[in-house]
Amino acid sequence: MSDCEEESQDRQLKIVVIGDGACGKTSLATRFAQEAFGKQYKQTIGLDFFLKRISLPGNVNVTLQVWDIGGQSLGGKMLDKYVYGAHGVLLVYDITNYQSFENLEDWFTMVKKANEESDVQPVISLVGNKIDLEHLRTVKSDKHQRFCQENGLLSQFVSAKTGDSIHLVFQKLAAEIIGIKLNKAEIEQSQRVVKADIVNYSQDSPLEGFSSMCDDSGISSQDKLVRGKRLWVEFVLSKETEQGQQPHDDSHTSIFHLLGAKSSAS
Ligand SMILES: Nc1nc2c(ncn2[C@@H]2O[C@H](COP(=O)(O)OP(=O)(O)OP(=O)(O)O)[C@@H](O)[C@H]2O)c(=O)[nH]1
């Protein structure tokens, strides 16, 4: 059986990554899905996607659709549609940037509002990123813990730069969603860097057509593709909304299939 066939039988979980601009959401997602880290900051416009298959105890495989949402989109009209129907949310802040912690309240309120009409509420994990910069920390750990306790959130400190606890944060979230308990040994195993499937977007994806709809003056083909993806997703979600529906699991899955996402073993 091919990777893709196996994946289509896995449970697919929609995981949304949100938080202020530059707190490290894209870095966290790329560290998890591609085991890579870029020092240079490149703002995410709208959103970007990653797909990765992970194994949970008991031979349970799940495919995570990771929606990396640009930090500037708080208040944007598409944001609640991106977040609606998420099984899990990573609420990310930068431990060296107090403002990014303060703004969590707004992000959290937005998630609750977006899912008001949904039958299932997402599992939310509070993620303090950049722990490699501990000496520059401005958000005390007890503030983080209090926010988690008051709001019933999972909790994790990570570094997208070093990879510290990146796999663990997704593993714990997926396990909680599925209702699997991780034991100490499994948690320790996850803290180490784990090699797993990498997903590439195929070059002949239908998004190329949407890329050509973008104003292409002075932007790279990579930026065009990202803008194309965003336009395409907005198109799918707004069509459903026009028909009086809320986006549902199948549409999220089909978004990923149509994006041309496919796996290749590492
Ligand atoms: N030292 C350190 N730098 C990090 C870490 N994670 C991200 N960065 C840096 O922080 C900057 C912003 O990272 P991004 O991942 O682009 O942030 P983002 O939250 O996706 O930003 P938006 O696209 O604006 O929403 C980049 O320069 C990254 O290299 C980390 O764990 N440690």
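These figures come from a predicted structure and were not determined experimentally. (Residues numbered from 1 in each chain as written. Predicted model: local features only at pLDDT ≥ 70, side-chain atom pairs only at ≥ 80, totals over all residues. Heavy atoms only, no water.)

A. Main features of the packing of helix H2 (residues 25–34) against helix H7 (residues 166–178). Running from N to C, H2 and H7 cross one another at 85°; their axes reach a closest spacing of 9 Å. Of the possible angle classes, the one that applies to H2 and H7 is roughly perpendicular. Touching Leu-28, Arg-31 and Phe-32 of H2 are Ile-166, His-167 and Phe-170, all from H7. The residue makeup of the contact of H2 with H7, split by class, is 4 nonpolar, 1 polar and 1 charged. (Axes fitted to C-alpha atoms, helices over the stretch in contact; angles between N-to-C directions. Helix = DSSP H or I, 4+ residues; strand = E, 2+ residues; numbered from the N terminus. Parallel < 35°, antiparallel > 145°, perpendicular 65-115°, else oblique. Contact = heavy atoms within 4.5 Å. Nonpolar A, V, L, I, M, F, W, Y, C, P; charged D, E, K, R; others polar.)

B. Local environment of the site of the ligand. Around the ligand lies a shell of 26 residues, among which Lys-25, Ser-27, Tyr-41, Thr-44 and Gly-71 are the nearest. Contact distances for the ligand include 3.4 Å between an oxygen atom and a side-chain N or O atom of Ser-159. If the ligand stood free it would expose 650 Å²; the protein chains cover 92% of that surface. Of all the elements, H2 adds the most residues to the shell around the ligand, at 3 residues. Class assignment of the residues belonging to the shell around the ligand gives a composition of 6 nonpolar, 13 polar and 7 charged. (Near = heavy atom within 4 Å. Polar contact = N/O pair within 3.5 Å; in protein donor to acceptor, adjacent residues only side chain to side chain. Areas by Shrake-Rupley, 256 points an atom, 1.4 Å probe, with all protein chains shown as cover.)

C. A look at the nonpolar core. With 30 residues, the main nonpolar core has Ile-18 and Leu-91 as its most contacted residues. Looking at this core, the elements that each hand over two or more residues are strand S1 (11–19), strand S2 (47–56), strand S3 (60–69), helix H3 (79–83), strand S4 (88–94), helix H5 (104–114), strand S5 (123–129) and helix H6 (141–151). Here the element with the most residues in this core is H5; it accounts for 6 residues. Among all residues touching Ile-18, those that are not within four sequence positions of it are Lys-25, Ile-69, Val-89, Leu-90, Leu-91, Val-92, Trp-107, Met-110 and Val-111. Residues Ala-33, Val-62, Leu-64 and Ile-166 belong to the second largest nonpolar core, which totals 28 residues. (Core = buried A, V, L, I, M, F, W, Y, C linked by side-chain atoms within 4.5 Å. Buried < 20%, exposed > 50% of the residue type's maximum accessible area, 1.4 Å probe, protein only.)

D. Spotlight on H7. For H7, which comprises 13 residues, the first-to-last C-alpha distance of 19 Å matches the rise-based estimate of 18 Å (1.5 Å per residue) to within 8%. Burial runs high along H7: 10 of the 13 residues are buried. Restricting attention to buried positions, one finds in H7 the residues Ile-166, His-167, Leu-168, Val-169, Phe-170, Gln-171, Leu-173, Ala-174, Ala-175 and Ile-177. (Expected span 1.5 Å × (residues − 1).)

E. Spotlight on the confidence of the model for the protein. Chain-level pLDDT for the protein is 78 on average; 68% of the residues reach the 70-or-more range. This model gives residues 260–266 a pLDDT under 50, and the stretch forms 28 contacts once residues within four places in sequence are excluded. Reported for the predicted complex are a pTM of 0.78 and an ipTM of 0.99. (pLDDT = per-residue confidence, 0-100.)

F. Summary view of the state of the cysteines. Taken as a whole and judged by the stated rule, the model has 0 disulfides. Cysteine Cys-148 is unpaired, with the sulfur of Cys-23 as its nearest cysteine sulfur at 15 Å. For Cys-148, a relative accessible area of 6% corresponds to the buried category. (Disulfide = S-S within 2.5 Å.)

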